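Here are the chains, one letter per residue:
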Amino acid sequence: MAMCRAGLLGSRLPHPFRILCRQMSTEPRVAVDRLRQSGLLRTQGLIGGKWIDAYDGKTIPVHNPATGDVIANVPFMGRNEAINAISSAHEAFTSWSKLTANERSKRLRKWYDLIISHKEDLALLITLEQGKPLKESLGEVNYGASFIEFFAEEAKRIYGDIIPPTIDDRRLLVLKQPVGVVGAITPWNFPLAMITRKVGPALASGCTAVVKPSEYTPLTALAAAELALQAGISPGALNIVFGNAPDIGDSLLESTKVRKITFTGSTAVGKKLMAGSASTVKKISLELGGNAPCIVFDDADLDVAVKGTLAAKFRNSGQTCVCANRILVQEGIYDKFASAFAKAVQALEVGNGLIETTVQGPLINEAALEKVESLVKDATGKGADVLVGGRRHSLGRTFYEPTVLGNVNNEMLISSQEVFGPVAPLLRFKTEEEAIQIANDTNAGLAAYIFTSSMPRSWRVSEALEYGLVGVNEGLISTEVAPFGGFKQSGLGREGSKYGIDEYLEIKYVCLGNLKEA
Ligand code: SIN
């Protein structure tokens with residue numbers, strides 16, 4: 001299920017759901033009641049197959065960023081809960097890893113089917129706690145489910161090798177075995193898909209997991225876990241704890257039972273996890289921040305470039321690691337592109353994600369809004385032009401106007417920092433060499449986009465870009481079947497695709513010796 005089916009360019013909502021959404025956007029309780037009836041509004045953590053409160057009874061509220069309403073109160077867990085979750089995962093590993101690949105595959109497939117049959121409720125939950133428009137949430141559910149389906153299939157294809165021996169009475173074998181207990185720390189911007197992209201391959205390969213979702217969006221994680229239990233994922237194979245993030249993180253890092261850490265989030269936290277994994281020498285996968293260049297060449301098809309850049313920039317209101325962060329436009333097409341792009345951005349409707357026409361939701365919190373504001377202020381103070389937007393939205397709360405800044409240059413903070421919001425800075429360039437130089441002049445290396453009609457240039461520039469993902473004439477390229485991950489400080493390892501499962505496997509060499517009969 002390619003990501004490009006979802007989001008800004010996505011299709012209409014299913015009819016009965018559309019009617020319900022109209023009601024829910026005016027009466028938020030209707031949405032929460034619907035979720036309660038579906039059995040998916042779980043408000044406790046999950047340890048060893050049991051739903052539990054924090055041991056000291058502490059709770060934290062989960063807010064709807066569009067309205068400020070409290071959706072639910074959930075446990076504020078810490079070290080003790082994390083340690084018990086690790087023990088449960090460790091115990092469950094013995095039996096889960098011994099199931100046949102076929103059996104694990106069947107249970108994962110059932111989990112996939114349940115996610116798909118509950119996709120409207122899961123999407124509703126994502127919109128309520130994260131804020132993205134329902135169409136994008138439905139896209140995320142399909143995207144998230146696709147990792148479970150893909151790795152259910154891959155479970156059956158974890159092959160080893162037989163190596164020609166160097167001594168004739170020996171046989172040399174390579175086995176691939178699960179690493180063990182996995183600690184997965186996941187972000188709020190994709191509350192479902194960033195969990196399934198990690199837990200899918202972990203469970204498929206025979207690992208068990210302790211997941212710490214973001215405290216902003218734990219409800220989607222809990223709903224997914226409820227469906228996992230219904231699908232027959234063994235008690236203890238998937239545990240969910242959240243609350244005191246530093247304490248839970250430290251417990252995962254310090255435990256010798258946890259053999260792997262996988263994380264999606266900021267580069268700063270990723271570096272801490274990398275350092276913290278050293279004392280127990282854990283395997284690690286990191287999917288960290290980006291600073292994606294989007295290069296529009298003079299020979300680009302203008303409509304394709306505008307549509308693609310819009311999608312690459314404004315998905316999830318600019319809150320993805322692969323969002324276009326710097327839009328480099330060649331001088332010959334600059335004016336035409338800037339005016340067509342500004343017009344398209346002006347038309348983006350901002351609002352509560354439950355309203356059908358909304359394509360831009362709120363930012364996750366006040367800190368995110370303040371960061372966007374300060375980057376815009378810095379850029380305009382240094383001479384950038386505001387082509388569209390440029391301020392808080394009249395809806396208040398954490399809504400920000402979709403914004404285009406013209407004549408941005410390297411002196412401005414916005415050209416080197418990850419914006420993570422709905423602001424598109426346009427930078428002018430003259431030559432292909434200059435564009436490549438600017439694009440690569442960063443410590444990040446996750447995603448890059450180019451728009452050109454020239455096939456030789458597509459190859460040349462794709463190869464020259466120091467990035468893990470390159471979109472050519474496409475702004476939405478994420479899919480479960482292709483590897484996702486970054487160069488440089490954007491991370492380590494790959495998620496999704498046939499490469500993604502290797503991150504959860506150990507390689508064992510077995511030498512069978514003295515095979516000659518006496
Ligand atoms: C992310 O923002 O971390 C993930 C985006 C994607 O999977 O496309």
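So, a few notes on the structure that sits alongside this text. (Residues numbered from 1 in each chain as written. Predicted model: local features only at pLDDT ≥ 70, side-chain atom pairs only at ≥ 80, totals over all residues. Heavy atoms only, no water.)

## Examining the sheet that holds strand β6 (residues 171-178)
Pairing in this open sheet of three strands is antiparallel, and the strands run β5-β6-β20 from one edge to the other. The sheet terminates laterally at β5 (161-163) and β20 (505-512), the two strands that pair on one side only. Strand-to-strand twist of the sheet, defined as the mean angle between neighbouring strand axes without regard to direction, takes the value 25 degrees. The pairing of β6 with β20 spans eight bridges and is classified as antiparallel. Along β20, the bridge assignment pairs Q177 with E506. (Pairing = 2+ DSSP bridges. Helix = DSSP H or I, 4+ residues; strand = E, 2+ residues; numbered from the N terminus. Axes fitted to C-alpha atoms, helices over the stretch in contact; angles between N-to-C directions.)

## Side note on the layout of surface pockets
Considered as a void within the structure, the largest pocket measures approximately 1,100 Å³ in volume. Every residue lining the largest pocket is counted, 41 residues in all, and those nearest its centre are F263, G265, S266, T267 and V269. Only α9 (245-254), β10 (258-264), α10 (267-276) and α13 (366-381) provide two or more residues apiece to the lining of the largest pocket. In terms of residue class, the lining of the largest pocket is built from 17 nonpolar, 18 polar and six charged. (1 Å grid on protein atoms, 1.4 Å probe; cavity = no way out; pocket = protein on both sides within 12 Å on 5 of 7 lines; lining within 4 Å. Points joined across faces, edges and corners; volume = space filled by probe spheres on them. Nonpolar A, V, L, I, M, F, W, Y, C, P; charged D, E, K, R; others polar.)

## Overview of the site of the ligand
Around the ligand there are 13 residues in total, and Y143, R197, R315, C321 and S478 lie nearest to it. In this structure, R197 approaches the ligand through a side-chain N or O atom, which is 3.0 Å from an oxygen atom. Between E287 and the ligand, the recorded distance is 3.0 Å, taken from a side-chain N or O atom to an oxygen atom. Contact with the protein chains covers 100% of the free accessible surface of the ligand, which is 260 Å². Judged by the fraction of its atoms near the pocket grid, the ligand is located in the largest cavity. (Near = heavy atom within 4 Å. Polar contact = N/O pair within 3.5 Å; in protein donor to acceptor, adjacent residues only side chain to side chain. Areas by Shrake-Rupley, 256 points an atom, 1.4 Å probe, with all protein chains shown as cover. Sits in = over half its atoms within 2 Å of the grid points.)

## Comments concerning the state of the cysteines
Taken as a whole, this structure holds zero disulfides when the rule is applied. Of all cysteine sulfurs in the structure, the one in C323 sits closest to C294, which takes part in no disulfide; the separation is 11 Å. Residue classification places C294 among the buried residues on the basis of a relative accessible area of 0%. C323 carries a free sulfur, and the closest cysteine sulfur to it, the one in C321, is 8.6 Å from it. (Disulfide = S-S within 2.5 Å. Buried < 20%, exposed > 50% of the residue type's maximum accessible area, 1.4 Å probe, protein only.)

## Focus: the sheet that holds strand β12 (residues 292-296)
Picture the strands of a sheet paired through backbone hydrogen bonds; they go either parallel or antiparallel. Strand order in the open sheet formed by seven strands is β14-β15-β16-β13-β12-β17-β18, and the pairing between neighbours is mixed. The open sheet terminates on both sides in strands that have one partner only, identified here as β14 (385-388) and β18 (469-472). Taken over all neighbouring pairs, the strand axes of this sheet differ in orientation by 25 degrees on average, direction set aside. Lying over the sheet, helix α12 (residues 334-346) contacts β12, β13 (324-330), β14, β15 (403-406) and β16 (423-429), oriented at roughly 175 degrees with respect to β16. (Contact = heavy atoms within 4.5 Å.)

## Some thoughts on the packing of helix α6 (residues 134-154) against helix α7 (residues 193-205)
Taken N-terminus to C-terminus, the directions of α6 and α7 make an angle of 10 degrees; their axes are 8 Å apart at the nearest point. Our classification of the angle between α6 and α7 gives roughly parallel. From α6, E140, Y143, G144, F147, I148 and F151 reach across to α7, where they touch A193, M194, T196, R197, G200, P201 and A204. Partitioned by chemical class, the residues of the contact of α6 with α7 number eight nonpolar, three polar and two charged. (Parallel < 35°, antiparallel > 145°, perpendicular 65-115°, else oblique.)

## Let's talk about the environment of D441
Looking at the secondary structure, you find D441 in the loop between α14 (432-440) and β17 (447-451). The spatial distance from the C-alpha of D441 to the C-alpha of L222 is 40 Å, given a sequence separation of 219 residues.

## Notes on the packing of helix α4 (residues 101-117) against α7
Close contact between α4 and α7 brings their axes to 9 Å; oriented N to C, the two are set at 155 degrees. Judged by the inter-axis angle, α4 sits roughly antiparallel to α7. Our pair here, α4 against α7, has a crossing hand that is right-handed. For the pair α4 and α7, the contacting residues are R104, L108 and W111 in the first and V199, G200, L203, A204 and S205 in the second. (Left-handed = near helix turned anticlockwise from the far one by under 90°.)

## Quick word on empty space enclosed by the protein
Scanning all chains against the criterion turns up five cavities of 30 Å³ or more. Every residue lining the largest cavity is counted, 13 residues in all, and those nearest its centre are F190, M194, R197, E287 and F484. By residue class, the composition of the lining of the largest cavity is six nonpolar, four polar and three charged.

## Comments concerning the packing of aromatic side chains
The description of an aromatic ring pair rests on the distance of the ring centres and on the angle between the ring planes. A full pass over the atoms with the stated rule returns six aromatic pairs. Note on F150 and F151: the rings are 5.1 Å apart at their centroids and 85 degrees apart in plane angle, and the pair reads as edge-to-face. Taken together, a centroid distance of 6.5 Å and an interplanar angle of 40 degrees make the contact between F314 and F341 tilted. Placement of the pair is F314 in helix α11 (residues 302-314) and F341 in helix α12, with a sequence separation of 27 residues. This pair shows no difference in class: F314 is buried, exactly as F341 is. Counting every residue linked through ring pairs, the aromatic cluster contains F314, F337 and F341. One residue, R197, lies across the ring of F484, its end atom 3.9 Å from the ring centre. (Phe/Tyr/Trp six-rings, centres within 6.5 Å; stacked < 30°, edge-to-face > 60°. Lys NZ or Arg CZ within 6 Å of the ring centre and 35° of its normal.)

None of this, on its own, says anything about what the molecule does.
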